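So the chains spell out like this:
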Amino acid sequence: MSNIQDRSVTAEAELAGEFDAVIVGAGFAGLYMLHRLRGLGLSVRVYEAGSGVGGTWYWNRYPGARCDTESMEYSFSFSDDLQQEWSWSERYASQPEILRYSNHVADRFDLRRDIQFETRVASAVFDDVTGRWEIQTDKGERVLAQFCVMATGCLSSGQVPAFEGLDTFKGEWYHTGNWPHEGVDFSGKRVGVIGTGSSGIQSIPLIARQAAHLYVFQRTPNFSIPAWNGPLDPEHEQEVKANYAERRQTARTSRRGYVISFNERSALEAAPEERQREYESRWLDGGLHMLTAFNDLYTSKEANDTAAEFVHAKIRETVHDPEVAERLLPRDHPIGSKRICVDTAYYETYNRENVTLVDLRETPIEKITAHGLQAGNVPYELDAIVFATGFDAMTGALFNIDIRGRNGTRLKEKWADGPRTFLGLATAGFPNLFTVTGPGSPSVLSNMMVSIEQHVDWIAECVEYLCERDIRSIEATVDAENGWVEHVNDVAYSTLYPQANSWYMGANIPGKPRIFLPYVGGVGAYRQKCSDVAAKGYQGFELRHL
Ligand code: FAD
Ligand code: NAP
C-alpha cells in the first residue's frame, strides 16, 4: 500500500484543486465511495448539489415517502458495528428515518469534511495530455483529478412534463423529487396529483387525508401491492442481527439483492387453487414479494396474466365504485414490467368522497391554466399541483453534466442512441471515469444498497490495483463494451420487460431512445462477472502506464 499512501496530497495541493479522485453526489453511493477511497489514502473531494447528504432521501420529502425494501435489508453491510448499532423503527423505513441514517453514516465515518455541499458539477473533461479529469462546478471552481466517480444517482433528475401554460398557474406546484424541506400544508386546498407511479401512489393517500379535494390525474394505472407496514418486530430485528453476515451474503448472491424465497415452479403448471394460494400468501406478506410466486412470471405472458388477474380482483374487491375500479386496472403492461408499487391504503383512497380519479387516456391534459388545468374539455380548479411524474432515469443526471472523454468526445453524443457501457461501470473513450449503478448494471432492478456496495467495492479495489502497480489509466475496450451491450439487450428481450412503456425503457421521456437501461441478468450472476473481470487483471479494459 505504500504507493497509495504516498499519493495522499498535502493541504497545499488540495488548495490548488488537485485530488486523486473527485466523486459527484453524496447519496449512499457517494458516501461509501468516499469512505473506501479515503481508506486507500487517496485525497478525495465530493461535490453535492444539495445542502446535505442522503441523495434520494434528501430530495424526496413528499408525504408518505418511504422505502419499499425492508429496512433490515436497505442499509449498509460494510461495517458490522454500524449494522448492529443502528435500529430501524418500522418494517419499511420512512424518508425522514433513512435521511437520519445517512446523516448518521456521514458523521460516524467523519465524511463531511471532504464533501462540498450546494455545489453542482457542471462539466468533467478529460485532458488527453495530462491524463487527468478537469471538473468544473456551477460555483466557477475548477479542480483536477486522476479518477472521477459519478455517484449521481439513477433517479435524481426529476421530470416535469412540458405542459403548456405551467408558467401561468397562480397556485403552488411541486415535484415529488424536489419537495420543500419545510413540508407543505394542503389543508382546505383543491389539489391535483399528476402521475400514479410509486411516488404518486405513496403520496396520494396522505394528500387525500389533508386536502379539501384531491384530483388524481392518471395516465397509466399501475400494479400496487400493500406494504402492511408497521413497527419492526424486535424479535425479527434480533434474529436478523444475529445472522447478518449470512443474510447479507445471501442477498449479494441472489437475483435481486434481497433475502427472499423464489418459488421455482411454473405458474402454468400449478392448479388454479395452488396459484390462488401462492398469490394470496404473497399478497398477505406484502411488498415486492408478489412476483416471486412462480418462476415464469417475468418470461411468460400467459403466466404473468394469472398474477395480473389476481391483483385485478383485489382492486375490484377494494374499490367500491365499479367504474372507478375498472379505470384503476392496469391492462396495458405485464405485472412487474413497470416497477411494481408498494402502498398503504392506495386503492382504499378512491372510496373517499373528496377524491376524484381522472383518466387521462379518456381526457388528456390539454394545458395548465391560471387556476388549474384542462383535461379534455373539462376544466379542473386547483390550488396546488403535485407532479409525481418521475425522473429521467439512469442517464439524466449524467447528461446534466458536460462529460467529455478522449478527443473531446461528449458522453451525450456517444450515448445518443442509448447508453453504451462495460458492466455499467465504465464506457470506452472515458478513461478513469466510473459510474456507480450505471446503465447496464442491475441497479434499479435490485436492492440498491447491495448494488451500490458491490460497485463501490469493485471500483475501490480497481483503483487500489492500479495505484499499487503505478498504472495511470484504465479504460473499457470497445469490444468488451459492444459485447456487454449486446448481452444486456439479449437478456432483457428474453423477458417481458420490453413490453412496457416504462422508465426502464426510457419511454417516459419524449425523444429518449427506447433501450432497456438496467441489467436483468441477476445480482449474483452479475457480481460474479465483475469479479471474474477483476480476477483476470481487468479483462476487457485497457490499462496504461502512460
Ligand atoms: P442518489 O441517492 O440519487 O444520490 C445522488 C446524488 O448526486 C444526489 O444527492 C444529487 O443531488 C447528486 N448529484 C447529481 N448530479 C450532481 C451534480 N451534477 N453535481 C453535484 N451533485 C449531483 N431503491 C431501493 O433499493 N429500494 C427502495 O425502496 C427505493 N425507494 C426509492 C424511493 C424513491 C422516492 C426514489 C426516488 C428512489 C428509491 N430507490 C429505492 C432508489 C434510490 O435512488 C437508491 O436506493 C439510492 O438511494 C441511490 O443512491 P445513490 O447515492 O446512488 O443516488
Ligand atoms: P414513475 O414511476 O415514472 O411514475 C410517473 C408517473 O407520472 C406515471 O404514472 C406516468 O404515467 C405519469 N406521467 C409522466 N408524464 C406524464 C404526462 N406528461 N402526463 C401524464 N402523466 C404523466 O415515477 P415515480 O413514481 O417518481 O417513481 C420512479 C421510481 O422511483 C420508481 O419506479 C421506483 O423505482 C422509485 N420509487 C420508489 C418508491 C418506493 O416505494 N420505495 C417510491 C417512489 C419512487 P405513465 O406511466 O403513463 O408514463
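Definitions and cut-offs
Residues numbered from 1 in each chain as written. Chains lettered and ligands numbered in written order. Predicted model: local features only at pLDDT ≥ 70, side-chain atom pairs only at ≥ 80, totals over all residues. Heavy atoms only, no water. 1 Å grid on protein atoms, 1.4 Å probe; cavity = no way out; pocket = protein on both sides within 12 Å on 5 of 7 lines; lining within 4 Å. Points joined across faces, edges and corners; volume = space filled by probe spheres on them. Nonpolar A, V, L, I, M, F, W, Y, C, P; charged D, E, K, R; others polar. Helix = DSSP H or I, 4+ residues; strand = E, 2+ residues; numbered from the N terminus. Domains from an automatic or database assignment. Contact = heavy atoms within 4.5 Å. Buried area = accessible area lost by both parts, 1.4 Å probe. Salt bridge = Lys/Arg side-chain N within 4 Å of Asp/Glu carboxyl O. Polar contact = N/O pair within 3.5 Å; in protein donor to acceptor, adjacent residues only side chain to side chain. pLDDT = per-residue confidence, 0-100. Disulfide = S-S within 2.5 Å. Buried < 20%, exposed > 50% of the residue type's maximum accessible area, 1.4 Å probe, protein only. Near = heavy atom within 4 Å. Areas by Shrake-Rupley, 256 points an atom, 1.4 Å probe, with all protein chains shown as cover. Arc of directions from axis to C-beta.

**Some thoughts on empty space enclosed by the protein**
- With the rule as written, the count across this model stands at 8 cavities of 30 Å³ or more.
- Here the largest cavity defines a volume of roughly 260 Å³.
- When the residues that make up the lining of the largest cavity are grouped by side-chain class, the tally is 11 nonpolar, 3 polar and 3 charged.
- Space inside the second largest cavity adds up to approximately 130 Å³.
- If you trace the second largest cavity, you find 16 residues lining it, with Glu73, Ser77, Arg248, Ala251 and Val450 closest to the centre.
- Of all the secondary-structure elements, those providing two or more residues to the lining of the second largest cavity are helix H9 (244–252) and helix H15 (448–468).
- Looking at which element gives the most residues to the lining of the second largest cavity, the answer is H9, with 5 residues.

**Quick word on the domain arrangement of the protein**
- By domain assignment, the protein separates into domain 1 (14–158 + 392–544) and domain 2 (160–223 + 346–390).
- Between the C-alpha centres of domain 1 and domain 2 there is a distance of 32 Å.
- Every contact between the two is made by 12 residues of domain 1 and, on the other side, 13 residues of domain 2.
- Taken together, the two surfaces of domain 1 and domain 2 that pack against each other cover about 1100 Å², and 54% of this comes from carbon and sulfur.
- Three residues stand out in domain 1 for area buried against domain 2, namely Arg61, Tyr62 and Pro63, and they jointly supply 48% of the buried area on that side.
- Between domain 1 and domain 2 we count 0 salt bridges in total.
- Where domain 1 meets domain 2, there are 3 residue pairs in polar contact (both at pLDDT 80 or more).
- Taken together, the residues of the side of domain 1 that touches domain 2 break down into 5 nonpolar, 5 polar and 2 charged.

**A few points about the side chain of Thr435**
- Along the chain, the position of Thr435 falls in strand E18 (residues 433–435).
- In terms of polar contacts, Thr435 uses its side chain to reach the backbone carbonyl oxygen of Gly424, at 2.8 Å.
- Excluding residues within four positions of it along the chain, Thr435 makes contact with Met150, Leu398, Gly424, Leu425, Ala426 and His455.

**A closer look at the confidence of the model for the protein**
- Per-residue confidence for the protein gives a mean pLDDT of 95, with 97% of residues at or over 70.
- Predicted confidence for residues 1–16 stays below pLDDT 50, and this span has 27 contacts to residues more than four positions away or in other chains.

**Things to note about the state of the cysteines**
- Evaluated as defined, the whole model comprises 0 disulfides.
- As a non-bridged cysteine, Cys67 has Cys341 as the owner of its nearest cysteine sulfur, 14 Å distant.

**Remarks on the pattern of salt bridges**
- Under the defined criterion, the tally for this structure stands at 34 salt bridges.
- The shortest N-O distance in the salt bridge between Asp110 and Arg113 comes to 2.7 Å.
- Look at Asp110 and you get partly exposed, because its relative accessible area is 40%.
- On the basis of relative accessibility, which here comes to 56%, the residue Arg113 falls in the exposed class.
- Here Glu468 and Arg469 are joined by a salt bridge, their closest N and O atoms 3.8 Å apart.
- Residue class for Glu468 comes out partly exposed when judged on its relative accessible area of 36%.
- A single network of salt bridges, built from pairs that share partners, joins Asp128, Arg406, Glu475, Glu542 and Arg544.

**Focus: the site of ligand 2**
- Lining the immediate environment of ligand 2, one finds 24 residues, of which Thr196, Ser199, Arg219, Thr220 and Lys338 sit closest.
- For ligand 2, an oxygen atom lies 3.5 Å from a polar atom in the backbone of Gly197.
- Residue Trp503 places a side-chain N or O atom 2.9 Å away from an oxygen atom belonging to ligand 2.
- Here ligand 2 has 910 Å² of accessible area as a free molecule, and 89% of this is covered by the chains.

**As for the site of ligand 1**
- In the region of ligand 1, 33 residues are neighbours, and Glu48, Thr56, Asp68, Thr69 and Tyr74 sit closest.
- Between Trp57 and ligand 1, the recorded distance is 3.4 Å, taken from a side-chain N or O atom to an oxygen atom.
- Calculation on ligand 1 without its partners gives an accessible area of 980 Å², and the protein chains cover 95% of this total.

**Thoughts on the environment of Thr250**
- On the secondary structure map, Thr250 appears in helix H9.
- Measuring from C-alpha to C-alpha, the distance between Thr250 and Asp114 comes to 33 Å, with 136 residues separating the pair along the chain.
- At 2.9 Å, the side chain of Thr250 and the backbone oxygen of Glu246 are in polar contact.

**Describing unusual backbone geometry**
- Even without glycine at this site, Asp110 takes up a positive phi of about 50°.
- Considering the arrangement of structural elements, one finds Asp110 in the loop between helix H6 (95–108) and strand E3 (115–116).
- For Asn407, which is not glycine, the phi dihedral falls at a positive 55°.
- Positionally, Asn407 belongs in the loop between strand E17 (402–404) and helix H14 (411–414).

**A closer look at helix H8 (residues 234–242)**
- Listed as buried for H8 are Glu237, Val240 and Lys241. Considered in projection along H8, the buried side chains sweep an arc of 95° and stay on one side of the axis. The exposed residues of H8 that point more than 90 degrees off its buried face are Glu235, Gln238 and Ala242.
- Contacts made by the buried residues of H8 are with helix H5 (80–85) and H9.
- Its side-chain oxygen 3.0 Å from the backbone nitrogen of Glu235, Asp233 forms the N-cap of H8.

**Digging into the environment of Thr369**
- Within the secondary structure, Thr369 is located in strand E13 (residues 365–369).
- When the C-alpha atoms of Thr369 and Glu164 are compared, they prove to be 8.4 Å apart, with 205 residues separating the residues in sequence.

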